[in-house]
Amino acid sequence: MNFTPGAEIKTRIARFQAALCKQDLDGALILLNSDMFYFTGTVQNSVLYVPAKGEPLLMVKKSLHRAQNESPLKNIIAIKSPKEIAGIINDQFANPVKLGLALDVLPVNLYNTYKKMFPHVVFSDVSPLIKDTRAIKSPYEIELIRNSLQVIDKAFSAVPDFLREGMLEVEAAALFEAEMRKRGYSNCCKMRAFNQELFFGNLCTGSSGAFPSFFDGPVGGMGVSPSQPQGAGWKPIQRNEVIYIDYTCVLQGYTGDQTRIFCIGELTPRLVKAYEDALFIEAEIIKAMKPGIPAEAPYLLAITLAGELGYKDYFMGYKENQAKFIGHGIGLELDEWPILAKGLTTPVKPGMTFALEPKFVFPEGAIGTESSFVMTEQGPEQLSVTPNGITYIK
């Protein structure tokens, strides 16, 4: 089992503490699993207290043994109840009065509980500080994302061996997912946004690719049930239709994201042309992206190009169901910074990792591409290794 190196955790804590000091906060309480893993290297039933200065304290209800084994933090203690937390922090950290919580994800009832636990504390939202800290990936993190994309490449490479006319979408999806699971796909694909959830990924064929869903993405899919209306469904796969496979792979917590296109037989000229145009838009965006570019610029460029090419009603979704972004950050969550969307002017900095996904949706199916990248001092570097191009199966 691979554990997060102590030097990684130390650097992350130091960067976050610098941000806390800048906001004149005494410390922050970390509760969300994704943030917990980032700052501790473990995911237990616990609360992490990060003071603005000094060693953090991890208070664990369950499992103390695993937390001590997996995390390089020095101060890890057992608690029997969250009611102990306020007393422990007040005793060890001189009664802090200004604390941070990630209010973008914290339920109101839990927030009210912490207000009662700390009646003299003023709470502030530190979710922007956490997102900003996590947005710049270390070489270690980038390597983990590379590894996840190596695994997803193996799954895409296996598709021609198992894909058959007449098999159900959900059967094909299960075989694709098995290729990743047996190579270490480690856990669910996490998202920070409320009620945004994704299984491993999305496999749609033909017209099912035009089925919209609640998910904030260009392609929905019929799904197997109204309770989870996205992704692969019960539709049989037919000849001469587009087979759209968009999947994440999570290794050691870190997510790679990729889409590739397949077809049993031949695709119509319209779909082939749309795919070539998606590659053109991707290439133009990559050419234009330099360190410091505003996050909205790639999206605005993509919208302009798609309109000029005649895809106004089909780009990133069909008509009223179009997604309003062209890419998203990847890491421990699928919706990290940067989000490449209109109105977001945060600069894209070296070390940020993101998926870029120009896609089109027509009544007869969804088509396009998606690969994962890291911004470097010279511009985007592609982390995905699976070749682009429509894979035809005779």
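Residues numbered from 1 in each chain as written. Predicted model: local features only at pLDDT ≥ 70, side-chain atom pairs only at ≥ 80, totals over all residues. Heavy atoms only, no water.

Per an unreviewed UniProt entry, the chain goes by Putative peptidase and derives from Sporomusa termitida.

Participant: Sorry, what's going on with the domain arrangement of the chain here?
Facilitator: Buried accessible area, meaning the area lost when the parts come together, often serves as the stated size of an interface. Entries for the chain in the domain assignment read domain 1 (6–134) and domain 2 (136–392). Between the C-alpha centres of domain 1 and domain 2 there is a distance of 34 Å. Contacts between the two partners involve 18 residues from domain 1, matched on the other side by 13 residues from domain 2. For the domain 1 and domain 2 pair, buried surface summed over both sides reaches about 1300 Å², with 46% attributable to carbon and sulfur atoms. The largest contributions to the domain 1 side of the interface with domain 2 come from Glu 8, Lys 131 and Arg 134, which together make up 41% of the buried area. Scanning the region where domain 1 abuts domain 2 turns up five salt bridges. Across the pair Arg 192 and Asp 104 runs a salt bridge whose closest N-O atoms are separated by 2.5 Å. Mapped onto the side of domain 1 that touches domain 2, the elements with two or more residues apiece are α1 (6–22), α2 (33–40) and α6 (127–135). (Domains from an automatic or database assignment. Contact = heavy atoms within 4.5 Å. Buried area = accessible area lost by both parts, 1.4 Å probe. Salt bridge = Lys/Arg side-chain N within 4 Å of Asp/Glu carboxyl O. Helix = DSSP H or I, 4+ residues; strand = E, 2+ residues; numbered from the N terminus.)

Participant: Explain the sheet that holds strand β12 (residues 353–356) to me, please; I cannot follow it from the model alone.
Facilitator: Whether parallel or antiparallel, the strands of a sheet pair through hydrogen bonds between backbone atoms. Ordered by their spatial adjacency, five strands build an open sheet running β11-β10-β12-β15-β16, and the pairing between neighbours is antiparallel. Edge positions in the sheet fall to β11 (336–341) and β16 (380–382), since each of these pairs with one other strand and no more. Across the sheet, the axes of successive neighbouring strands diverge by a mean angle of 30°, strand direction being ignored. Here β12 runs beside strand β15 (residues 371–375); their pairing, made up of four bridges, is antiparallel. Across the sheet, residue Ala 355 finds its bridge partner in β15, namely Ser 372. Sheet strands touched by α6: β11 and β12. Its angle to β11, the strand with the most contacts, is close to 90°. (Pairing = 2+ DSSP bridges. Axes fitted to C-alpha atoms, helices over the stretch in contact; angles between N-to-C directions.)

Participant: Would you take a moment to explain the UniProt feature "domain: Peptidase M24" (unreviewed entry) in the chain for this structure?
Facilitator: UniProt marks residues 143–377 with the feature "domain: Peptidase M24" (unreviewed entry), using the numbering shown here. Structurally, residues 143–377 comprises 28% helix and 23% strand, and the distance from its first C-alpha atom to its last is 17 Å. (UniProt positions renumbered as here; feature names shortened; annotations may be inferred.)

Participant: Would you mind going over the environment of Thr 255 with me for this structure?
Facilitator: Along the chain, Thr 255 turns up in strand β9 (residues 254–264). Among the residues examined, Thr 255 registers a relative accessible area of 1% and is labelled buried. With 117 residues separating them along the chain, Thr 255 and Ser 372 place their C-alpha atoms 9.6 Å apart. (Buried < 20%, exposed > 50% of the residue type's maximum accessible area, 1.4 Å probe, protein only.)

Participant: I'm lost on the UniProt feature "domain: Creatinase N-terminal" (unreviewed entry) in the chain in this one. Help?
Facilitator: According to UniProt, the "domain: Creatinase N-terminal" (unreviewed entry) feature falls on residues 12–136. As a span, residues 12–136 carries 42% helix and 23% strand, and end to end its C-alpha atoms are 10 Å apart.

Participant: Help me out: how do you make sense of the pairing of strand β10 (residues 325–329) in this one?
Facilitator: One face of the sheet, then the other: side chains in a regular strand alternate in exactly this way. For β10, the buried fraction is high: five of the five residues fall into the buried class. Here β10 pairs with β11 via four bridges, running antiparallel. When the bridges of β11 are listed, Gly 329 appears paired with Glu 336. Count of turn residues in the β10/β11 antiparallel hairpin: six residues. With three bridges joining them, β10 and β12 adopt antiparallel strand pairing. Bridge pairing in β12 links His 328 to Ala 355.

Participant: Please clarify how the packing of α2 against α6 should be interpreted in this entry.
Facilitator: The contact between α2 and α6 brings their axes to 12 Å, and the two run at 55°. Taken together, the axis directions place α2 and α6 in an arrangement best described as oblique. With respect to the hand of their crossing, α2 and α6 are arranged in left-handed fashion. On α6, the residues touching Ser 34, Asp 35, Tyr 38 and Phe 39 of α2 are Ile 130, Thr 133 and Arg 134. A breakdown of the residues in the contact of α2 with α6 according to their chemical character gives three nonpolar, two polar and two charged. (Parallel < 35°, antiparallel > 145°, perpendicular 65-115°, else oblique. Left-handed = near helix turned anticlockwise from the far one by under 90°. Nonpolar A, V, L, I, M, F, W, Y, C, P; charged D, E, K, R; others polar.)

Participant: What am I meant to see in the sheet that holds strand β7 (residues 201–205) here?
Facilitator: Taken together, four strands build an open sheet; the order of strands is β7-β8-β9-β17 and the sheet is mixed. A single partner strand is all that each edge strand has here, and the edge strands are β7 and β17 (391–393). On average, each strand axis in the sheet is inclined to that of its neighbour by 25°, with strand direction left out of account. When strand β8 (residues 242–251) meets β9, the two strands line up antiparallel, connected through ten bridges. Looking at the pairing, Val 250 lines up with Thr 255 of β9. Along the sheet, helix α8 (residues 169–181) makes contact with β7 and β8, crossing β8 at roughly 30°.

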